[in-house]
Amino acid sequence: MTQATRLAVIGAGAIGRTHIDRLQRSPTLELVGIADPTPAGEALARSLDLPWFADHRSLLEQLKPQGAIVATPNASHIPVALDCLERGVAALVEKPVADSVAEAQLLVDAQARSGVPVLVGHHRRHNPINRRARDIIQGGQLGQLVTANVMATFLKPDAYFDVAWRREAGGGPVLINLIHEIDMLRFLVGEIVSVQAMDSRAVRGFEVEDSAAAVLRFANGTIGTVVLSDATASPWSWDFSAGEQGQYPRQAVQSHFIAGTQGSLSLPDLALWHYRGERSWHAELTREQTMVHLADPYQRQLEHFAGVIEGREHSLCSALDGLRTLQATLAVHEAAVSGQAIACTLAS
């Protein structure tokens with residue numbers, strides 16, 4: 001039998017526990033230890049009969065895992081990931097990869113020097129729906145892409161904002177939620193070269209935004225729009241429509257729409273619209289339905305991480321991908337404040 005890939009989790013908060021749960025269920029991945037300085041983190045490790053470390057460096061040096069999931073608070077993502085690379089340990093770094101583009105560049109450069117694999121945890125790339133959508137787009141069935149429209153509107157409960165940082169700048173839906181939409185569009189449509197945006201605090205009146213809208217220009221000429229709000233009683237969002245996580249009630253709606261010269265695609269239902277004969281708004285459109293097997297994208301992401309560590313697969317979301325997604329997301333904030341279009345230069 002193939003030996004299980006030995007992985008550790010650094011940071012046992014909500015997303016860290018998501019990874020721990022998937023690792024515990026996997027027959028091909030072994031969770032060898034947890035590093036988290038909190039009493040809750042220690043208690044979780046003890047309950048699972050796993051080695052616990054308050055300091056991640058001690059875990060890396062004593063357990064020598066093949067890979068580590070970095071699920072610490074955002075500000076520590078880069079220092080912890082760099083510690084992993086220095087010890088030859090592959091890193092799966094949760095999103096956002098860093099607080100700034102300059103910090104993310106440090107990781108990109110360190111990965112290039114070391115050759116140690118780095119993945120960034122944009123899990124939607126591992127959803128079979130998006131993998132099939134990308135195949136359809138790259139296969140030319142939509143022709144030249146023209147527009148991409150995204151709805152990300154939902155309602156966070158009042159209790160969510162009892163935590164102070166969620167009411168402060170940087171703790172809002174742009175960096176927490178919109179970053180998923182930006183990465184998904186980059187994965188499906190291509191690189192973003194400029195951003196225009198507006199935001200609003202009209203509902204709650206907090207320092208942080210509760211709504212935003214962005215217009216994205218892609219390198220291939222596609223124009224994209226994203227409407228985002230965590231203050232609306234509405235079902236139009238990926239979390240509700242795609243059924244990735246059981247804590248959200250699934251709704252039979254679509255949230256993403258990509259249109260081209262030869263056809264259009266809605267997601268997550270993977271409905272493909274096109275003309276069989278004459279291409280005209282007077283002619284009838286045909287709707288074709290593609291079905292895929294459902295799969296847990298977090299589980300798929302961990303299996304992919306193991307494949308990259310073992311040299312069987314190439315990274316689906318590299319450190320550079322994480323940087324570029326972060327850059328475009330931060331540009332939304334900058335554009336909303338300045339009222340100007342913000343260029344997203346392509347880092348290398």
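Residues numbered from 1 in each chain as written. Predicted model: local features only at pLDDT ≥ 70, side-chain atom pairs only at ≥ 80, totals over all residues. Heavy atoms only, no water.

Draft legend 1. Here's a closer look at the pairing of strand 9 (residues 211-218). The sheet contact formed by strand 8 (residues 192-200) and strand 9 spans eight bridges and is antiparallel. Each bridged residue has a counterpart across the sheet, and for Val-195 the counterpart in strand 9 is Leu-216. In the sheet, strand 9 pairs with strand 10 (residues 223-229) via seven bridges, with the strands oriented antiparallel. Each residue of the ladder has a partner; that of Leu-216, found in strand 10, is Gly-224. (Pairing = 2+ DSSP bridges. Helix = DSSP H or I, 4+ residues; strand = E, 2+ residues; numbered from the N terminus.)

Draft legend 2. Representation of the sheet that holds strand 13 (residues 271-274) within the structure. Spatially, nine strands are ordered 14-13-12-11-7-10-9-8-15 in an open sheet, and the strand pairing comes out mixed. Strands at the two margins of the open sheet, each flanked by one partner only, are strand 14 (286-289) and strand 15 (342-343). Along the sheet face, helix 6 (residues 128-138) touches strand 7 (145-153), strand 11 (256-260) and strand 12 (264-267) and points at about 175 degrees away from the line of strand 12. Taken strand by strand, helix 10 (residues 319-338) contacts strand 8, strand 9 and strand 15, and its axis lies near 55 degrees from that of strand 8. (Contact = heavy atoms within 4.5 Å. Axes fitted to C-alpha atoms, helices over the stretch in contact; angles between N-to-C directions.)

Draft legend 3. Up close: helix 6. When helix 6 is considered as a whole, its buried residues turn out to be Pro-128, Ile-129, Asn-130, Ala-133, Ile-136 and Ile-137. Structurally, helix 6 contributes buried residues whose contacts are with strand 7, helix 7 (173-188), helix 8 (238-242), strand 11, strand 12 and helix 9 (297-309). Once helix 6 ends, the next one or two residues include Gly-140, with phi positive near 90 degrees. (Buried < 20%, exposed > 50% of the residue type's maximum accessible area, 1.4 Å probe, protein only.)

Draft legend 4. Seen up close, the nonpolar core. In this structure, Leu-23, Ile-69, Cys-84, Val-93, Val-97 and Leu-107 are the most contacted members of the largest nonpolar core, which totals 52 residues. Beyond its immediate chain neighbours, meaning those up to four positions away, Leu-23 contacts Leu-7, Val-9, Leu-29, Leu-31, Ile-69 and Leu-302. (Core = buried A, V, L, I, M, F, W, Y, C linked by side-chain atoms within 4.5 Å.)

Draft legend 5. Helix 7, seen in detail. Taking 1.5 Å of rise per residue, 16 residues should cover 22 Å, and helix 7 covers 21 Å from first to last C-alpha, within 8% of that figure. At Ile-179, helix 7 shows its maximal bend, which comes to roughly 40 degrees. Counting buried residues in helix 7 gives 15 out of 16 residues, a clear majority hidden from the surface. Positive phi shows up at Gly-190, right after helix 7, with a value of about 135 degrees. (Expected span 1.5 Å × (residues − 1). Bend = angle between axes of the 7 residues up to and from the residue.)

Draft legend 6. Quick peek at the environment of Val-208. By secondary structure assignment, the location of Val-208 is in the loop between strand 8 and strand 9. Taking the C-alpha atoms as reference, Val-208 lies 9.2 Å from Trp-165; in sequence the two are 43 residues apart. Not counting residues within four places of it along the chain, the set of residues in contact with Val-208 comprises Arg-166, Arg-167, Glu-168, Ala-169, Gly-170, Gly-171, Gly-172 and Arg-201.

Draft legend 7. Region of interest: unusual backbone geometry. For the bond running from Lys-95 to Pro-96, omega is -15 degrees, close enough to zero to count as cis. Relative to the helices and strands, Pro-96 resides in the loop between strand 5 (90-94) and helix 5 (101-114). In the segment running from Leu-267 into Pro-268, the intervening peptide bond is cis, with an omega of 10 degrees. Locating Pro-268 in the fold gives a position in the loop between strand 12 and strand 13.

Draft legend 8. Focus on the packing of helix 6 against helix 7. For the pair helix 6 and helix 7, the least separation of the axes is 9 Å and the interaxial angle reads 40 degrees. Judged on the interaxial angle alone, helix 7 and helix 6 are oblique. Contacts between helix 6 and helix 7 pair Asn-130, Arg-131, Ala-133, Arg-134 and Ile-137 from the former with Met-184, Phe-187 and Leu-188 from the latter. Classifying every residue of the contact of helix 6 with helix 7 by side-chain character gives five nonpolar, one polar and two charged. (Parallel < 35°, antiparallel > 145°, perpendicular 65-115°, else oblique. Nonpolar A, V, L, I, M, F, W, Y, C, P; charged D, E, K, R; others polar.)

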